[in-house]
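# Summary of the model geometry
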Amino acid sequence: AETDGKIEKIYIKKGADVRKGQKLFKINMKDRDARLREAITLVEQKKLEYDVATKLKSKGHRSETKVAAAAAQLESAISRQKSIDLDIKNTIIKAPFNGFIEKKFVELGEVVNKNMIVAKLVDKDPFLVIGQISEKDVSKITVGDRAKAKLINGKIIDGFIRFISLTADSKTRTFTVEVQIPNLDGSLRAGLTAEIFMNTENQQAH
């Protein structure tokens, strides 16, 4: 959540697939509409005061300081209106990416605070297979190299090396490697055991 308030509507259920930008929750508006109207009125008033100050200065009846003060007040009023606009926008919590609703942590009528976690959204595609490679072999691979992942059920999926750590684990002296693999059909699940196969060198053979 990026603002405070009571959960007024819940648009999704646990286990649902959602698209980026899709509505997940709605937070009650409370007095936000009234504060926005007040902010808009204040901007109009400060703009009028600034215009008057500018005209009087051009005729020599108002000092530069007075005009600067009017400009500052107008800028402050505009900033306040933008802040309220953003707060209203944040009453609708949307999915930041395509994903799967793994958990829902709030119910209808519950009060949420800013930065409170309201749901767990899992990105289903792509997946990462993460493993370790020894210090003697790490120099034989590079980011972008093709790799394969063998799942616990025996299925083999093609992917590529997305990341190789620069520092070794202090205990095992191994380096972390991430292999990115597609999950277009949504069949993969996070936390499964897998083996990673990478080409480290070519040898002449008959």
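Structural notes, computed from the coordinates. This is a predicted model, so every value here is computed, not measured. (Residues numbered from 1 in each chain as written. Predicted model: local features only at pLDDT ≥ 70, side-chain atom pairs only at ≥ 80, totals over all residues. Heavy atoms only, no water.)

## Regarding the sheet that holds strand 4 (residues 92–94)
The strand order across the open sheet built from 4 strands is 4-3-1-6, with neighbouring strands paired in antiparallel fashion. A single partner strand is all that each edge strand has here, and the edge strands are strand 4 and strand 6 (111–112). Relative to strand 4, strand 3 (residues 23–27) is paired through 3 bridges, and the arrangement is antiparallel. Following the sheet pairing, K23 is matched in strand 4 by K94. (Pairing = 2+ DSSP bridges. Helix = DSSP H or I, 4+ residues; strand = E, 2+ residues; numbered from the N terminus.)

## Considerations on the nonpolar core
Counting 16 residues, the largest nonpolar core has I133, I141, I161, V177, V179, I181 and L188 as its most contacted members. Each residue touching I161, except ones within four places of it in the same chain, is listed here: I141, T142, V143, G144, D145, A147, V177, E178, V179 and M198. V18, L24, I27 and V118 belong to the second-largest nonpolar core, a separate cluster that totals 14 residues. (Core = buried A, V, L, I, M, F, W, Y, C linked by side-chain atoms within 4.5 Å. Buried < 20%, exposed > 50% of the residue type's maximum accessible area, 1.4 Å probe, protein only. Contact = heavy atoms within 4.5 Å.)

## Comments concerning the side chain of N183
In this fold, N183 is placed in the loop between strand 11 (174–181) and strand 12 (194–198). Judged by relative accessible area, which is 2%, N183 ranks as buried. At 2.7 Å, the side chain of N183 forms a polar contact with the backbone oxygen of K124. From its side chain, N183 meets the backbone nitrogen of S187 in a polar contact 3.1 Å long. Every residue in contact with N183, bar those within four places of it in the chain, is listed here: K124, D125, F127 and L188. (Polar contact = N/O pair within 3.5 Å; in protein donor to acceptor, adjacent residues only side chain to side chain.)

## Observations concerning the environment of D145
Along the chain, D145 falls in the loop between strand 8 (127–134) and strand 9 (146–151). For the pair formed by D145 and R162, sequence separation is 17 residues and the distance between their alpha carbons is 8.4 Å. In this view, D145 contacts K140, G159, F160 and I161; residues no more than four positions away in its chain are not counted. Only 2.9 Å separates the side chain of D145 from the backbone nitrogen of T142, close enough to count as a polar contact.

## Let's talk about the layout of surface pockets
By volume, the largest pocket amounts to about 400 Å³. The biggest single contributor to the lining of the largest pocket is strand 4, with 3 residues. Residues belonging to the lining of the largest pocket are distributed by class as follows: 12 nonpolar, 2 polar and 3 charged. Looking at the second largest pocket, its volume works out to about 240 Å³. If you trace the second largest pocket, you find it lined by F100, E102, V122, K124, F127, G186, L188, R189 and A190. Among the residues forming the lining of the second largest pocket, the class breakdown is 5 nonpolar, 1 polar and 3 charged. (1 Å grid on protein atoms, 1.4 Å probe; cavity = no way out; pocket = protein on both sides within 12 Å on 5 of 7 lines; lining within 4 Å. Points joined across faces, edges and corners; volume = space filled by probe spheres on them. Nonpolar A, V, L, I, M, F, W, Y, C, P; charged D, E, K, R; others polar.)

## Here we look at the sheet that holds strand 7 (residues 119–122)
Sheet architecture is open: 3 strands sit in the order 2-5-7, paired in antiparallel fashion. Since the sheet does not close on itself, it has two edges, and those belong to strand 2 (17–18) and strand 7, each with one partner. Alignment of strand 5 (residues 99–104) against strand 7, held across 4 bridges, turns out to be antiparallel. Looking across to strand 7, one finds that K103 is bridged to K120.

Everything listed here is a matter of coordinates, which is why it stays silent on function.
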